[in-house]
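Each chain, letter by letter, is given below.
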Amino acid sequence: MKQEHGAAHADPIHRIIDASLARAGGWLPFDRFMALALYAPQVGYYANAGRKFGTMPASGSDFVTAPELSPLFAQALSVQLGEALERTGTDEIWEFGAGSGALASQLLDALGDRVARYRIVDLSATLRERQQVRLAAHGGKVEWLSELPPTIEGVVIGNEVLDAMPVQLILRRQGSWFERGVIQVGERLQWEDRPTLLRPPIDIEGEHDYLTEIHVQGRAFVATLADRLERGAAFFIDYGFPEAEYFHPQRAMGTVMCHRGHQADADPLTDVGLKDITAHVDFTGIALAGQDAGLEVLGYTSQARFLLNLGLLELMASASVPERAMAARLIHEHEMGELFKVIGFAASGSWDAAGFAEGDRSHTL
Ligand SMILES: C[S@@+](CC[C@H](N)C(=O)[O-])C[C@H]1O[C@@H](n2cnc3c(N)ncnc32)[C@H](O)[C@@H]1O
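For the structure given in this document, a descriptive report is provided here. All values reported here derive from a predicted model rather than from experimental measurement.

So, how was this worked out
- Residues numbered from 1 in each chain as written.
- Predicted model: local features only at pLDDT ≥ 70, side-chain atom pairs only at ≥ 80, totals over all residues.
- Heavy atoms only, no water.
- Helix = DSSP H or I, 4+ residues; strand = E, 2+ residues; numbered from the N terminus.
- Rg over C-alpha atoms; globule rule 2.2 N^0.38 Å.
- Buried < 20%, exposed > 50% of the residue type's maximum accessible area, 1.4 Å probe, protein only.
- Areas by Shrake-Rupley, 256 points an atom, 1.4 Å probe, with all protein chains shown as cover.
- Lys, Arg positive; Asp, Glu negative; His and termini not counted.
- Charge placed at Lys NZ, Arg CZ, Asp CG, Glu CD.
- Core = buried A, V, L, I, M, F, W, Y, C linked by side-chain atoms within 4.5 Å.
- Salt bridge = Lys/Arg side-chain N within 4 Å of Asp/Glu carboxyl O.
- Axes fitted to C-alpha atoms, helices over the stretch in contact; angles between N-to-C directions.
- Parallel < 35°, antiparallel > 145°, perpendicular 65-115°, else oblique.
- Left-handed = near helix turned anticlockwise from the far one by under 90°.
- Contact = heavy atoms within 4.5 Å.
- Nonpolar A, V, L, I, M, F, W, Y, C, P; charged D, E, K, R; others polar.
- Pairing = 2+ DSSP bridges.

1. Some points on the overall build of the chain
Point 1. In terms of helices and strands, the chain carries 13 helices and 18 strands.
Point 2. Here the C-alpha radius of gyration of the chain, 20 Å, is about what a compact globule of 365 residues would show, namely 21 Å.
Point 3. Summarising its shape, the C-alpha atoms of the chain cover approximately 60 × 45 × 45 Å along the three principal directions.
Point 4. When the 365 residues of the chain are sorted by exposure, 55% land in the buried category.
Point 5. Per element, the accessible surface of the chain, about 15,700 Å² overall, is 51% carbon and sulfur.
Point 6. Taking the 31 positively charged and 49 negatively charged side chains of the chain as two groups, their mean positions are separated by 4 Å.

2. Digging into the nonpolar core
Point 1. If you look at the biggest cluster of nonpolar residues, it comprises 49 residues, and the most contacted ones within it are Leu77, Leu81, Ile93, Leu107, Tyr118, Ile157 and Phe235.
Point 2. Of all the elements, helix 4 (residues 71-88) adds the most residues to this core, at eight residues.
Point 3. Of all hydrophobic cores here, the second largest spans 40 residues; its members include Ile17, Val43, Phe178 and Val272.

3. Some points on the pattern of salt bridges
Side chains that carry opposite charge are capable of pairing whenever their charged atoms lie near each other.
Point 1. Applying the stated criterion to the full structure yields eleven salt bridges.
Point 2. Arg119 is the salt-bridge partner of Glu92, the closest N and O atoms lying 2.9 Å from each other. Note that Glu92 is positioned in strand 4 (residues 92-96) and Arg119 in strand 5 (residues 117-121), a separation of 27 residues in sequence.
Point 3. When its relative accessible area of 15% is taken as the criterion, Glu92 is described as buried.
Point 4. Where Arg119 meets Glu143, a salt bridge forms, and the shortest distance between an N and an O atom there is 2.8 Å. Pair noted here: Arg119 is in strand 5 and Glu143 is in strand 6 (residues 142-145), with a separation of 24 residues, a long-range link.

4. Things to note about the packing of helix 4 against helix 5 (residues 102-111)
Point 1. Direction vectors running N to C along helix 4 and helix 5 enclose 55 degrees, while the axes themselves pass 9 Å from each other. Between helix 4 and helix 5, the crossing angle belongs to the class labelled oblique. Pair helix 4 / helix 5 crosses with right-handed handedness. Every residue of helix 5 that contacts helix 4 at Pro71, Phe73, Ala74, Leu77, Ser78, Leu81 and Gly82 is listed here: Leu103, Gln106, Leu107, Ala110 and Leu111.
Point 2. Among the residues making up the contact of helix 4 with helix 5, the classes are represented as nine nonpolar, three polar and no charged.

5. Here we look at the environment of Gly99
Point 1. Mapped onto the elements, Gly99 comes out in the loop between strand 4 and helix 5.
Point 2. Its relative accessible area of 9% is what places Gly99 among the buried residues.
Point 3. As for Gly99 and Ala49, which are separated by 50 residues in sequence, their C-alpha atoms are 12 Å apart.
Point 4. Excluding residues that lie within four positions of it along the chain, Gly99 makes contacts with Phe53, Asp122, Leu127 and Gln131.

6. Notes on the sheet that holds strand 15 (residues 276-278)
Point 1. With respect to topology, three strands assemble into an open sheet ordered 14-13-15, the strand pairing being antiparallel. Unpaired on one side and paired on the other, strand 14 (263-265) and strand 15 mark the two borders of the sheet. Adjacent strand axes in the sheet meet at a mean angle of 30 degrees when their direction is disregarded.
Point 2. Here strand 13 (residues 257-260) pairs with strand 15 via three bridges, running antiparallel. Pairing of His259 across the sheet is with Asp276, part of strand 15.

By themselves, these observations are geometric and do not establish any function.
Rendered as structure tokens:
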């Protein structure tokens, strides 16, 4: 089913990329290519009608996210968001990149009257339609925005949204730095590397060849949000590392990955528009972007530690055995527990956030 659907989109997306290549003089930096592959209207991966989120490939989905895996994720998270609403005296949740609407639906149920308004910002028009169907029961409480207003008061949440933001690819080869971009050779897309002044945020020890990413868009997103967030807090959950680990000399192949049918591959130039393209998050860059724009870091820790601090084990104790097995994947080290991290920010004045009560790793950023 999914392949038939995808095949129908393959040509239009290549036509859009051809046109962009032509306008750019034949070479597209990777971040611009990634933006088209994911968000080109109607045909980009997040803009087309493919299912994307789900637990099994048989459903036509490509990958699973925490809210799709277990409703206990949102129930634990709601403890943190509820506390943040109370501490900041706000009554709005702002979700960025709401996907299928699963997290929104579960959070609205869990937070009840503590939320007066649930605002969703998502780049994808098709996902927005899906969210509208899924959240119909919550009626007038939910509102969709296509751009940010000048001021925001509320608690912001983004699960796996930072990893979906386009990154620049840079590589060191024989001691010189290049930016990696995309060219068209005959029918095929290929890499072409051009000399660049771009550098990773920290020096990479050694002389070996080294490929990595720079997260200009993710940092700009956090800086803009920080600028607008007058009162409230923000929490981002995603896979990634602090910069010392991200730009570790041994991580020489970068972190860009594609996901399709619950299989991962490292080649974004094939099946364009039919698979997700992601990069891990440089949480130090995200923390600095927030701090430079006036936010305070409330905490930074692993997803497992965050959810355990918020009472996930107690929630699991009263769940059925199959539900418990799914929820365990949220905290197992070899699944989402350790690779996924949570960073929290406060807009004005820090407070002790329950999710970071034990095992805060802010000092590693
Ligand atoms: C990997 S999906 C995660 C969906 C959902 N949060 C979940 O956990 O299932 C990434 C989502 O982020 C959205 N997105 C990417 N960049 C965005 C941005 N700058 N603003 C708002 N949404 C964005 C995509 O359209 C998509 O819905």
